Amino acid sequence: MSFLQHIQKRRSIYHLGNNLSQDVDQVDSLIRETVRLSPSSFNSQSSRVVTLYGASHRKFWQIVLETLAKIVPAEAFANTQTKIESFAAGFGTALFYEDQQVVKDLQEKFPLYADNFPVWSEHSTGIAQFAVWTALAEQNIGASLQHYNPIIDQQVADEFNLPSTWTLRAQLVFGSIETPAGDKDFMPDEQRFKRFD
């Protein structure tokens, strides 16, 4: 497959299962290698990833569910619960973090670019997230990217004993594709692109 075909294959899959042909070690190795090879400004390598499987994966989504139960109106909670339980039914979750100590060190080392390093850090995590998502899709592993940060940040950090300098940016839940994604709509090119010759 071409690179563009791999990108086309990467979709948000919401009906996930735990029925992968790959084992935990294979999936984890794929995620690590993909992040390792993802580019970052000044080769900062500021991205950090916590992978959760089995009981840890389910515990994470229980934290999300319990946190949302405190803030989602009771009449809307049933839909929320169904959604979170669908994520918990997956094979695993990759938590994407950015190490703020790396950003701070670069700001001090290169003061001329100090204002840009937080922005470039966000670029790094976006690239890593997209790369992992696409690499999983290449292996026929479905995934969807979620953003329950910052409301879960402290409890997750405490549960998994994570460094205080790590800032949670996204959660990529993945597993077997139980229901494929539907058609994807695209806005007209003239609204997104400009060309000058």
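Described below are features of the structure shown in this document. (Residues numbered from 1 in each chain as written. Predicted model: local features only at pLDDT ≥ 70, side-chain atom pairs only at ≥ 80, totals over all residues. Heavy atoms only, no water.)

1. Quick notes on the pairing of strand E5 (residues 166-179)
Part 1: Bridge analysis of strand E1 (residues 15-17) against E5 gives three bridges, and the strand direction is antiparallel. Looking at the pairing, Leu16 lines up with Ile177 of E5.
Part 2: Looking at chain direction, strand E3 (residues 92-99) and E5 are connected through eight bridges and run antiparallel. Pairing of Phe96 across the sheet is with Ala170, part of E5.
Part 3: Sheet topology note: the strand E4 (residues 142-146)/E5 ladder contains five bridges and is antiparallel. (Pairing = 2+ DSSP bridges. Helix = DSSP H or I, 4+ residues; strand = E, 2+ residues; numbered from the N terminus.)

2. Digging into the nonpolar core
Part 1: Among the nonpolar cores identified, the biggest contains 23 residues, and Phe60, Trp61, Val64, Ile84, Leu95, Tyr148 and Val156 are the most heavily contacted of them.
Part 2: For this core, the secondary structure elements donating two or more residues are strand E2 (47-53), helix H3 (54-69), helix H4 (77-88), E3, helix H7 (153-160) and E5.
Part 3: If one sorts the elements of this core by residue count, H3 sits on top with six residues.
Part 4: Apart from residues no more than four positions distant in its own chain, Val64 is found in contact with Ile84, Tyr148 and Ile152.
Part 5: Counting 16 residues, the second largest nonpolar core, distinct from the first, contains Val35, Ala128, Trp133 and Leu136. (Core = buried A, V, L, I, M, F, W, Y, C linked by side-chain atoms within 4.5 Å. Buried < 20%, exposed > 50% of the residue type's maximum accessible area, 1.4 Å probe, protein only. Contact = heavy atoms within 4.5 Å.)

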